[in-house]
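Summary of the model geometry
In case you want the letters, here they are:
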Amino acid sequence: MQVDSVAAIPLSFPLEDGRAFGHARGVMDTRSAMLVRVETTTGEVGYGEALAPPQTTATAVEEVLAPMVEGASPYEVETLTERTHQEAYNLGGGPILQSAVSAVDIALWDLIGKATGEPIYRLLGGQQTEAVTPYASTMYITEWGEDPAEPIERAVEEGFTAAKLKIGRSVEDDVERVATARELLGDDAHLMVDYNGNYRLKQAIQSANALEPYDLTWIEEPVPPEDYTGLRKLTDRVDVPVATGESHFGRFDYKRLIADHGVDIIQPDLGRAGGFSESRFLAKWATTENVAVYPHVWNGAVGVAAALQFAASLPSYPHNENVPEPLLFEFDRSQNPLRDELLDAPLDPTGGSLAVPQGPGLGVSVNEDAVERFRTE
Ligand SMILES: [Mg+2]
């Protein structure tokens with residue numbers, strides 16, 4: 001099996017006027033993704049996706065990665081990251097190149113899965129996993145001033161038993177939003193909050209202390225992702241688990257998060273951290289420091305499918321079946337047709353459970369007509 005072609009496909013969807021939304025550090029008016037479609041000389045097709053600026057990342061795929069991968073076997077996927085580190089030394093690397101590597105890596109694993117007839121999570125060493133517990137990523141900061149109760153009421157109606165909210169504008173506002181969500185979700189629900197890195201260390205400590213009565217499962221990016229010292233101090237100072245990772249791009253970024261337990265939870269995004277190969281490495285490494293792993297998932301359909309395979313592969317260390325712990329899986333509830341319309345059979349997170357596709361590779365079928373509808377040049 002040999003790779004014949006690597007195509008980068010930038011996708012975007014502009015939101016309607018007045019429907020921009022986001023988090024404490026700003027709102028966005030466009031959804032986007034960069035797909036990679038890899039085809040072998042025998043006509044097998046694999047897909048991958050990066051969560052990154054689509055056109056710039058597509059250029060990185062075409063200019064740097066396609067020449068490395070075309071003519072190679074998909075089984076050489078594990079060497080791709082190493083080779084790009086070498087290339088980065090000569091040319092410069094960084095988040096865009098790592099995101100491009102992520103998309104190509106996912107597509108090559110999809111091909112390996114299809115060639116062997118196995119879902120990727122099994123190839124990564126995961127035990128049989130039928131389903132994960134999806135959590136609604138919701139209660140965004142919206143341009144249209146949505147009542148914060150509304151998205152939580154919707155999530156409850158849809159059967160979600162866990163949710164993550166956007167906070168981080170002031171401690172007072174944090175408490176108000178979390179109190180609203182806890183009341184609507186009930187005491188048993190897993191509830192998480194996301195500051196998107198908007199606080200300084202002392203504000204983050206004040207907020208975490210003020211939210212103590214609401215029994216949060218984790219607090220996410222309380223300080224900026226590059227504030228490694230702040231993350232480490234916060235992890236030492238507060239009881240609630242501290243999570244970070246969506247803005248970290250591969251092992252050299254993760255080094256200070258994992259080493260010496262710099263945070264309690266890492267959250268690699270498959271479309272940024274380096275795909276399956278690098279994220280598996282990070283997960284095993286995190287395990288050695290007793291740091292938990294919950295993937296960040298804010299991608300289009302291919303990226304969600306990749307994250308689901310990765311989540312299903314994760315080791316449960318140090319717990320066993322005597323300590324039941326739900327495999328919490330992020331599912332964004334904001335508007336994104338790149339997530340909802342690109343698959344022949346969309347993934348359905350409602351009802352409190354999300355099935356892990358058991359078919360070969362990513363286990364999903366990409367609708368190529370839909371891809372063309374959202375292609376941007
Ligand atoms: Mg986040």
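Moving on: the coordination of the magnesium ion. Looking at the magnesium ion, the protein donor atoms are D194 (OD), E220 (OE) and E246 (OE), and they sit 2.0 to 2.1 Å from it. Going along the chain, you hit the donors of the magnesium ion in the pattern D-x25-E-x25-E. With a gap of 26 residues between them, D194 in strand β9 (residues 190-194) and E220 in strand β10 (residues 218-220) connect regions that are remote in the sequence. For the pair D194 and E220, a shared accessibility class is recorded, and that class is buried.

This next bit is on the domain arrangement of the chain. Entries for the chain in the domain assignment read domain 1 (3-118) and domain 2 (121-355). The centre of domain 1, based on its C-alpha atoms, is set 23 Å off from the matching centre of domain 2. Interface of domain 1 and domain 2: buried area, both sides summed, is about 3500 Å²; carbon and sulfur atoms make up 61% of it. When residues of domain 1 are sorted by the area they lose upon contact with domain 2, R25, R31 and L51 head the list and together hold 20% of the total. Counting every contact that joins domain 1 to domain 2 gives 22 residue pairs in polar contact (both at pLDDT 80 or more). Listing elements by their share of the side of domain 1 that touches domain 2, those giving two or more residues are β1 (3-14), β2 (21-23), β3 (26-28), β4 (30-40), β5 (45-50), α2 (78-91) and α3 (95-116). Residue classes in the side of domain 1 that touches domain 2 are distributed as 19 nonpolar, 13 polar and eight charged.

Here we take up the pairing of strand β14 (residues 328-332). Of all five residues that make up β14, five are buried, and the element is covered over most of its length. Residues L328, E330 and D332 point to one face of β14 and F329 and F331 to the other, with burial holding for every one of them. As judged from the five bridges shared by strand β6 (residues 131-138) and β14, these two strands associate in the parallel manner. Residue pairing across strands places S137 opposite D332, the latter belonging to β14.

Another point: helix α7 (residues 201-210). Those residues of α7 that fall on the buried side of the exposure criterion are L201, A204, I205, S207 and A208. Buried residues along α7 cover an arc of 165° about the axis, so they all sit on one side. The inward-facing, buried residues of α7 abut α6 (171-185), β10 and α8 (228-237).

All of the buried residues along helix α5 (residues 149-157) are A149, P151, I152 and A155. Angular distribution of buried residues about the axis of α5 spans 165°; they occupy a single face of the element. The elements touched by buried residues of α5 are β6, β8 (162-166) and α6. Downstream of α5 by one or two residues, G159 has phi in the positive range, about 95°.

Looking now at the layout of surface pockets. Remark: the empty space left among the atoms is shown by a probe the size of a water molecule rolled over them. In this structure, the largest pocket spans a volume of roughly 1000 Å³. L314, P315, S316, Y317 and E325 are the residues nearest the centre of the largest pocket, which is lined by 39 residues in total. Those elements giving two or more residues to the lining of the largest pocket turn out to be α10 (275-288), β13 (292-293) and α11 (301-313). The residue inventory of the lining of the largest pocket, partitioned by class, reads 20 nonpolar, 14 polar and five charged. Its volume calculated, the second largest pocket comes out at about 510 Å³. Looking at the second largest pocket, it is lined by 27 residues, and the ones nearest its centre are H23, M28, E246, R272 and W298. Of all the elements in the fold, those that place two or more residues in the lining of the second largest pocket are β2, β4 and β8. Among the elements that take part in the lining of the second largest pocket, β4 stands out by supplying three residues, more than any other. Split by domain, the residues of the lining of the second largest pocket number at least three in each of domain 1 (3-118) and domain 2 (121-355).

Here the focus is empty space enclosed by the protein. Scanning all chains against the criterion turns up one cavity of 30 Å³ or more. As a volume, the largest cavity reaches approximately 70 Å³. If you go around the largest cavity, the residues you meet are V3, M68, V69, A72, S73, P74, E76, V77, T79, L80, R83 and L108. For the lining of the largest cavity, the elements supplying multiple residues, two or more each, are α1 (54-69) and α2. Broken down by element, the residue count for the lining of the largest cavity peaks at three residues, all from α2. Of the residues in the lining of the largest cavity, the class split is eight nonpolar, two polar and two charged.

Definitions and cut-offs
- Residues numbered from 1 in each chain as written.
- Predicted model: local features only at pLDDT ≥ 70, side-chain atom pairs only at ≥ 80, totals over all residues.
- Heavy atoms only, no water.
- Donors = N, O, S within 2.8 Å, 3.2 Å for Na, K, Ca; no water.
- Helix = DSSP H or I, 4+ residues; strand = E, 2+ residues; numbered from the N terminus.
- Buried < 20%, exposed > 50% of the residue type's maximum accessible area, 1.4 Å probe, protein only.
- Domains from an automatic or database assignment.
- Buried area = accessible area lost by both parts, 1.4 Å probe.
- Polar contact = N/O pair within 3.5 Å; in protein donor to acceptor, adjacent residues only side chain to side chain.
- Nonpolar A, V, L, I, M, F, W, Y, C, P; charged D, E, K, R; others polar.
- Pairing = 2+ DSSP bridges.
- Arc of directions from axis to C-beta.
- Contact = heavy atoms within 4.5 Å.
- 1 Å grid on protein atoms, 1.4 Å probe; cavity = no way out; pocket = protein on both sides within 12 Å on 5 of 7 lines; lining within 4 Å.
- Points joined across faces, edges and corners; volume = space filled by probe spheres on them.

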